[in-house]
Amino acid sequence: MAEKNCLVTNDWVCGEYLRTRSQELTDATLQHVGITVVSVVIGVAVALPLALLARRWRFLAGPILGVTTVLYSIPSLAMFSLLLPLFGLSASLVVTGLVLYSLTVLVRNILAGLQAVPDEARDAARGMGYGPARLLWEVELPLALPALLAGVRITTVSTVALTTVGAIVDYGGLGTLILDGLDTTFKAQVLTASVLCVLLAVTADLLLLGLQRWLTPWTRAHRIRTSRAARKADPAKVAEPV
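The model shown is predicted, which means the values in this text are computed figures rather than measured ones. (Residues numbered from 1 in each chain as written. Predicted model: local features only at pLDDT ≥ 70, side-chain atom pairs only at ≥ 80, totals over all residues. Heavy atoms only, no water.)

Our next topic: the packing of aromatic side chains. Tallying each qualifying case throughout the model produces two aromatic pairs. With 5.2 Å between their ring centres and 75 degrees between their planes, Tyr17 and Phe186 make a pair best called edge-to-face. Remark: Phe186 occurs in the loop between α9 (174–184) and α10 (187–215) and Tyr17 occurs in helix α2 (residues 15–20); sequence separation between them is 169 residues. We classify Tyr17 as buried; its relative accessible area is 0%. Aromatic pair Tyr72 and Tyr101: ring centres 6.0 Å apart, planes at 90 degrees, arrangement edge-to-face. Residue Tyr72 is found in helix α4 (residues 61–73), and its partner Tyr101 is found in helix α6 (residues 91–115); the two are separated by 29 residues along the sequence. (Phe/Tyr/Trp six-rings, centres within 6.5 Å; stacked < 30°, edge-to-face > 60°. Helix = DSSP H or I, 4+ residues; strand = E, 2+ residues; numbered from the N terminus. Buried < 20%, exposed > 50% of the residue type's maximum accessible area, 1.4 Å probe, protein only.)

This is the structure:
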């Protein structure tokens, strides 16, 4: 009986809320995940050409990085307001704003990853007859993956958080539930939606970390070799990783 009364007493933790609003929570979570995934994928698709342009023509690097930094500095409410005349009250408005925010981290990380590719690797590939396109896709991008995926991880976590701001146009996923809960002082809804946002961010980060480790096994092997070499040099300071 106490559990059923938690809605009436407006408790922060309420099992009855989870039972009666499960479909609402599921729909909001799916919308949140969908907006996040689409925003990050489009962000990567836009950031990669920009990073390639910045690397190819160095005089463009400053303007590209500067513009993306300025975009990131715009408050989210102001950003959505500026985009409102173009997209109206739609999911496209939220996705476009999130894509623009993602460019700062993605462009910088992709560019840093490409610039870190050893010249010896490029020279060896050219010596084997690799053209520019093949060199990029088969040599440079694979070697730049650690930096690229690190940028994707940061971007995904921040996008999960920023998606909640889309609640102002009713496309904020779990953020819509949080805003509605605050407006009506519905404690269980506010807490549940907030916890789900945190869980989404943590889960996405862990999944991307696993993907990064799977796609870049050579980085782990390099760390193990480096640790072994350091241990041989000074076994009292460095412990071998498990």
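Moving on to the side chain of Thr176. Among the structural elements, Thr176 can be located in helix α9. Not counting chain neighbours up to four residues away, the residues in contact with Thr176 comprise Ala167, Asp170 and Tyr171. (Contact = heavy atoms within 4.5 Å.)

Phi at Asp170 takes a positive value of approximately 70 degrees, unusual for a residue other than glycine. Summarising the element assignment, Asp170 is placed in the loop between α8 (132–163) and α9.

What follows concerns helix α5 (residues 76–87). The end-to-end C-alpha distance of α5 is 15 Å, a good match for the 16 Å that 12 residues give at a rise of 1.5 Å each. Buried residues along α5 sit in contact with α4 and α6. Note on α5: the residue one or two positions beyond its end, Gly88, has a positive phi of about 70 degrees. (Expected span 1.5 Å × (residues − 1).)

Turning to empty space enclosed by the protein, a few remarks are in order. In total, this model carries one cavity of 30 Å³ or more according to the counting rule given. Of the volumes computed, that of the largest cavity is approximately 40 Å³. Surrounding the largest cavity, Tyr72, Leu98, Tyr101, Ser102, Val105, Thr155, Ser158, Thr159 and Leu162 form its lining. Elements represented by at least two residues in the lining of the largest cavity include exactly α6 and α8. (1 Å grid on protein atoms, 1.4 Å probe; cavity = no way out; pocket = protein on both sides within 12 Å on 5 of 7 lines; lining within 4 Å. Points joined across faces, edges and corners; volume = space filled by probe spheres on them.)

Before going further, it helps to examine the pattern of salt bridges. Overall, the coordinates contain eight salt bridges when judged by the stated rule. A salt bridge links Glu140 to Arg55, with the shortest nitrogen-to-oxygen separation between them at 2.7 Å. Of this pair, Glu140 sits in helix α8 while Arg55 is found in helix α3 (residues 22–56), placing the two residues 85 residues apart along the sequence. Arg55 sits in the partly exposed class, given a relative accessible area of 26%. Note that Arg122 is salt-bridged to Glu140, the shortest N-O span being 2.5 Å. One end of the pair, Arg122, is in helix α7 (residues 119–127); the other, Glu140, is in helix α8, and 18 residues separate them in sequence. (Salt bridge = Lys/Arg side-chain N within 4 Å of Asp/Glu carboxyl O.)

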